[in-house]
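Observations on chain architecture
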Amino acid sequence: PEEINDGKSIYTMGELEMLYEAIGDQGFESVAVIGGAFKPPHLGHLAMVDHYASLADKVKIYISNPQSERSQRFCGNVCLTADTSLSLWRLLLGGRSDVTVEVSSAPSPITIAYDAVMPGTAFEPGTTVYLGASVKGGDIKRFAGAVAKADPSINVADPTTYAAPAAELPSSYLSELNKTPYAAQLPSIAKGLDPKDYSASDLRFLLEKAIKDPVAKKLAGYFVGAQNVDAYMAAIGLLEESKKYSLTFHMLS
């Protein structure tokens, strides 16, 4: 394609037209970019979204889409896809008009963060961009490089200053959990982590157990809202298995 400015521009004419179109349609002065695999999303993730929604005009959730076998996550025999995460995010977000969610071609949340702010960003000059991170985990440190290399036309907020507080499951969850064998079986326990912290691994474990056990289903409700558990199981493909088990159980009773 033909370059402009005597070959000194890094953009082609077509890319510039797309950039100007994005700028013209922006309609906000600050935006938070939250990337993750979200397999599946839970109320801990939603708490992060709400934190950044209190800071920025818009929140954009990008679901990373890694393709390697090692990066895949399963719930029962079902591999959770980016499209599954997308449908569950839409359920979890309810009517939040200031939040959008989409699947990214990027393989990791860090790539999403870097792509959002690198030179050539589609955000309008002067836009303040928040890179979504929790005070727990290593995202804050990894985002430091993105801040240093960001397009100088935008303002990238310090990830440490504006990091989301760590969300924790309610004490009632731990109380219910400790009455069950799952208190010693959760993936978080096996990894030496604190079970009061939201964990997608623990949620997948409980949803799988919920096929046969209403107690596990109740515990999963703490992660996604009791009213959403059936919808989660249906989207993942577990609800039919649960119904089959229930029918078999009643026939044998």
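Look a little higher up for the structure.
Now for a look at the structure at hand.

**So, the packing of helix 8 (residues 200-209) against helix 9 (residues 214-224)**
Between two packed helices, the angle of one axis relative to the other and the distance separating the axes together describe the packing. The contact between helix 8 and helix 9 brings their axes to 8 Å, and the two run at 145 degrees. Seen from above, helix 8 lies across helix 9 with left-handed handedness. On helix 9, the residues touching Asp-202, Leu-203, Leu-206, Leu-207 and Lys-209 of helix 8 are Ala-216, Leu-219, Ala-220, Phe-223 and Val-224. For the contact of helix 8 with helix 9, the per-class residue count stands at 8 nonpolar, no polar and 2 charged.

**Quick look at unusual backbone geometry**
Residue Pro-40 is reached from Lys-39 by a cis peptide bond, and omega for that bond is -5 degrees. You can see Pro-40 is positioned in the loop between strand 1 (30-36) and helix 2 (43-53). Not every positive phi belongs to a glycine, and Phe-38 is a case in point at roughly 50 degrees. Given a relative accessible area of 8%, Phe-38 falls into the buried group.

**What to know about the side chain of Arg-204**
Residue placement: Arg-204 occurs in helix 8. Of the side chains bearing the opposite charge, Glu-208 lies closest to the buried Arg-204, which forms no salt bridge; the N-O distance is 7.9 Å. Setting aside residues up to four positions removed in sequence, Arg-204 forms contacts with Lys-39, Pro-40, Arg-73, Phe-74, Cys-75 and Leu-80.

**Looking at the sheet that holds strand 1**
Across a sheet, paired strands are connected by hydrogen bonds in the backbone, their directions being either parallel or antiparallel. Within the open sheet, the 5 strands sit side by side as 5-2-1-6-7. Their pairing is parallel. Across the chains shown, the open sheet's two edge strands, defined by having one partner strand only, are strand 5 (99-103) and strand 7 (155-156). Relative to strand 2 (residues 58-63), strand 1 is paired through 6 bridges, and the arrangement is parallel. If you follow Val-33 over to strand 2, its bridge partner there is Lys-60. Lying on the sheet, helix 3 (residues 82-93) is in contact with strand 2 and strand 5; it crosses strand 5 at an angle near 170 degrees. Helix 4 (residues 109-117) contacts strand 1, strand 2, strand 6 (128-131) and strand 7 of the sheet and is inclined by roughly 155 degrees relative to strand 1.

**Observations concerning the packing of aromatic side chains**
As enumerated under the stated definition, the model contains 7 aromatic pairs in all. A centroid spacing of 5.6 Å and a plane angle of 65 degrees characterise the contact between Tyr-173 and Tyr-222, whose relative ring orientation is edge-to-face. Of this pair, Tyr-173 sits in helix 6 (residues 171-177) while Tyr-222 sits in helix 9, placing them 49 residues apart in sequence. With respect to burial, Tyr-173 and Tyr-222 carry one shared label: buried. Taking the centre distance of 5.9 Å and the plane angle of 90 degrees together, the rings of Tyr-198 and Phe-223 count as edge-to-face.

**Concerning the packing of helix 4 against helix 5 (residues 139-149)**
Following both chains from N to C, one finds helix 4 and helix 5 inclined at 25 degrees, their axes separated by 9 Å at the closest point. Classified by the angle their axes make, helix 4 and helix 5 are roughly parallel. Pair helix 4 / helix 5 crosses with right-handed handedness. Listed contacts from helix 5 to Pro-109, Ile-110, Ala-113, Tyr-114 and Val-117 of helix 4 are Asp-139, Arg-142, Phe-143, Gly-145, Ala-146 and Lys-149. Taken together, the residues that form the contact of helix 4 with helix 5 break down as 7 nonpolar, 1 polar and 3 charged.

**Quick word on the pairing of strand 6**
With 4 bridges joining them, strand 1 and strand 6 adopt parallel strand pairing. Across the sheet, Ala-32 pairs through a bridge with Tyr-130, a residue of strand 6. Of the strand pairs in this sheet, strand 6 and strand 7 are connected by 2 bridges, and their pairing is parallel. Looking across to strand 7, one finds that Thr-128 is bridged to Asn-155.

Conventions used here
- Residues numbered from 1 in each chain as written.
- Predicted model: local features only at pLDDT ≥ 70, side-chain atom pairs only at ≥ 80, totals over all residues.
- Heavy atoms only, no water.
- Axes fitted to C-alpha atoms, helices over the stretch in contact; angles between N-to-C directions.
- Helix = DSSP H or I, 4+ residues; strand = E, 2+ residues; numbered from the N terminus.
- Left-handed = near helix turned anticlockwise from the far one by under 90°.
- Contact = heavy atoms within 4.5 Å.
- Nonpolar A, V, L, I, M, F, W, Y, C, P; charged D, E, K, R; others polar.
- Buried < 20%, exposed > 50% of the residue type's maximum accessible area, 1.4 Å probe, protein only.
- Lys, Arg positive; Asp, Glu negative; His and termini not counted.
- Salt bridge = Lys/Arg side-chain N within 4 Å of Asp/Glu carboxyl O.
- Pairing = 2+ DSSP bridges.
- Phe/Tyr/Trp six-rings, centres within 6.5 Å; stacked < 30°, edge-to-face > 60°.
- Parallel < 35°, antiparallel > 145°, perpendicular 65-115°, else oblique.

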